[in-house]
Amino acid sequence: MAEKKATKKAAEVKETAAKKSTTTKKAAAVKVEKAAVAVNAENIGFKAGDVYQALAAAEKALTVKEIAKAAKISEEETLLGLGWLFKEGKLQSAEDNKIVLA
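The rules behind these values
- Residues numbered from 1 in each chain as written.
- Predicted model: local features only at pLDDT ≥ 70, side-chain atom pairs only at ≥ 80, totals over all residues.
- Heavy atoms only, no water.
- Helix = DSSP H or I, 4+ residues; strand = E, 2+ residues; numbered from the N terminus.
- Expected span 1.5 Å × (residues − 1).
- Buried < 20%, exposed > 50% of the residue type's maximum accessible area, 1.4 Å probe, protein only.
- Arc of directions from axis to C-beta.
- Contact = heavy atoms within 4.5 Å.
- Pairing = 2+ DSSP bridges.

S.K.: How would you explain helix α4 (residues 75-88) if you had to name every residue and give the values?
M.R.: In this model α4 runs 20 Å from its N-terminal to its C-terminal C-alpha over 14 residues, within 8% of the 20 Å that 1.5 Å per residue would give. If you check which residues of α4 are buried, you get Glu77, Thr78, Gly81, Leu82 and Leu85. The arc that holds every buried residue of α4, seen down its axis, measures 135 degrees, which confines them to one face. At its buried positions, α4 is contacted by α2 (41-58), α3 (64-71), β1 (91-94) and β2 (98-101).

S.K.: I'd like a rundown of the pairing of β2, residues and numbers included.
M.R.: Sheet topology note: the β1/β2 ladder contains four bridges and is antiparallel. Directly across from Gln92, in β2, lies its bridge partner Val100.

S.K.: Tell me about α2, and please be specific about residues and values.
M.R.: Since the α-helix advances by 3.6 residues per turn, residues separated by three or four positions end up pointing in the same direction. Taking 1.5 Å of rise per residue, the 18 residues of α2 would be expected to cover 26 Å, and the 26 Å separating its terminal C-alpha atoms lies within 8% of that figure. For α2, the full list of buried residues reads Asn43, Ile44, Lys47, Ala48, Val51, Ala54 and Leu55. Projected down its long axis, α2 shows its buried positions confined to an angular sector of 140 degrees, all on one face. In this structure, α2 carries Ala41, Glu42, Phe46, Gln53 and Ala57 as exposed residues pointing more than 90 degrees from its buried face. Those residues of α2 that are buried lie in contact with α3, α4, β1 and β2.

Written out as structure tokens, the structure reads:
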């Protein structure tokens, strides 16, 4: 009789360990990946337009973070758009790391 109880307990321990193992594996398997920014001329051109519109609507100098929030795009996309607009001469730097339309 004692033998059956010991075997039953060992089986329960194995089941519990197996459940914990799969739970850990599931948690480790679920990774939140950041959305990749498509780097091509068309996409960057659209982001530059978003940045330009945000700056035009604000009518004042904004930081990169403020521009991203106003344009509803990521900071990485904002930087790509800013680079495009700086190259075209449509932006100028203001004090305190702010950017304004030229």
